[in-house]
Amino acid sequence: SEEALNHAQRLESVGQLTGGIAHDFNNLLTVIQGNLQVLEELPTLADDPHALQLVDAATRASRRGAELTGKLLAFSRRQVLQPSAVDVGQLLLSLAGMLRRTLDQRIQIAVEPLVDLPPVLADPGQLESTLLNIAINARDAMPEGGTLRFTATPHARLPGALRAELDPQGQADGGFVAIAISDTGSGMSEEVKERAFEPFFTTKEAGRGTGLGLSTVYGFVKQSHGAVTLDSTPGSGTCLTLYIPTQADAQAPASEPVPATQALPP
Ligand code: ADP
């Protein structure tokens, strides 16, 4: 639809702008961090606990800055990805196991039967942190508990509306695996839904949300030549669906299971 196209164009131009800034800023942070490290190791500083404290505070702040620019680079599709064949079924099962161990017990984690999924072509680590980002949002939307459900289904083509946005000439002929992550949480109003993928858009209180979670999801999916859709109903829940391209000449997926070892932020 035209509305979807405008939305995509707006995110595109925000992406170009933030990507340029994030890239230059990241270079500056590298210089700052390098100098702080030299400063920290100066013998004269060893006897000056106050100065050491100041250097330490500056180091932590610049590390935090580097995390933010990293997320902005992901949104603007300038992150370095290393795509390989990923077994989505295995990834979801290991992620679900990790979430069961980590999340509030009142949150049920369901993984639908995963059958006949072809391997997808994506950066395994980034795909996992993308799913984790979405799971953390789902957790935040279900403070009293609920169900977090993962499903994955093969699709020969993108659904019509997405095809119009991504591939108006109809040239892409590869298949996709649709990974749907749904929750039974608060859902989003129209206004929130409209802006959810924008960098720095958050409804969470300061210190709880950066507004960069869904924008990194968006950037990752786009950079992986996939797509993402968002369905949400206030009071009943949210479902994000990621369409990830299958690996064209489907080689056997890596035999190592993809570890889900990342710790959850508080
Ligand atoms: P953050 O989580 O830091 O706020 P995000 O970009 O991940 O940033 O999300 C942006 C906003 O979208 C959130 O502040 C929240 O209002 C809304 N949102 C995201 N995921 C969900 C969800 N599963 N249920 C309800 N609202 C959500």
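Residues numbered from 1 in each chain as written. Predicted model: local features only at pLDDT ≥ 70, side-chain atom pairs only at ≥ 80, totals over all residues.

## What to know about the environment of Leu148
Relative to the assigned elements, Leu148 resides in strand β4 (residues 146–155). Not counting residues within four places of it along the chain, the set of residues in contact with Leu148 comprises Ile107, Ile109, Ala135, Ala138 and Asp183. (Helix = DSSP H or I, 4+ residues; strand = E, 2+ residues; numbered from the N terminus. Contact = placed C-beta atoms within 7 Å.)

## A look at the sheet that holds strand β5 (residues 176–183)
Sheet architecture is open: five strands sit in the order β2-β4-β5-β7-β6, paired in mixed fashion. Edge strands, defined here as strands with exactly one partner in the open sheet, are β2 (107–111) and β6 (227–233). Adjacent strand axes in the sheet meet at a mean angle of 15° when their direction is disregarded. Note that β2 and β4 share five bridges and pair parallel. When the sheet's bridge partners are listed, Ile107 is paired in β4 with Gly146. The strands that helix α3 (residues 88–102) touches are β2, β4 and β5; relative to β2, the one it contacts most, it runs at about 165°. (Pairing = 2+ DSSP bridges. Axes fitted to C-alpha atoms, helices over the stretch in contact; angles between N-to-C directions.)

## With respect to the nonpolar core
One finds Val88, Ile181 and Ile244 to be the most contacted residues of the largest nonpolar core, which totals 44 residues. Among the elements that take part in this core, α3 stands out by supplying six residues, more than any other. Here Val88 is in contact with Leu117, Val120, Ala152, Val177 and Ile179, once residues within four sequence places are set aside. (Core = buried A, V, L, I, M, F, W, Y, C linked by C-beta atoms within 7 Å. Buried ≥ 20, exposed ≤ 12 C-beta atoms within 10 Å, placed from the backbone.)

## Section: the environment of Leu91
Position of Leu91 among the secondary structure elements: in helix α3. With 25 C-beta atoms counted inside 10 Å, the residue Leu91 sits in the buried group. Separated by 37 residues in sequence, Leu91 and Glu128 place their C-alpha atoms 7.3 Å apart.

## Things to note about the confidence of the model for the chain
Here the chain shows a mean pLDDT of 88. Residues at 70 or above account for 90%. Considering only residues more than four positions removed or in separate chains, one finds that residues 249–266, a stretch of pLDDT under 50, has 27 contacts. Among the scores for the predicted complex, ipTM is 0.98 and pTM is 0.82. (pLDDT = per-residue confidence, 0-100.)

## Examining helix α4 (residues 124–141)
The first and last C-alpha atoms of α4 sit 26 Å apart over 18 residues, in line with the 26 Å expected at 1.5 Å per residue. Those residues of α4 not exposed but buried are Pro124, Gln126, Leu127, Glu128, Thr130, Leu131, Asn133, Ile134, Ala135, Asn137, Ala138 and Arg139. (Expected span 1.5 Å × (residues − 1).)

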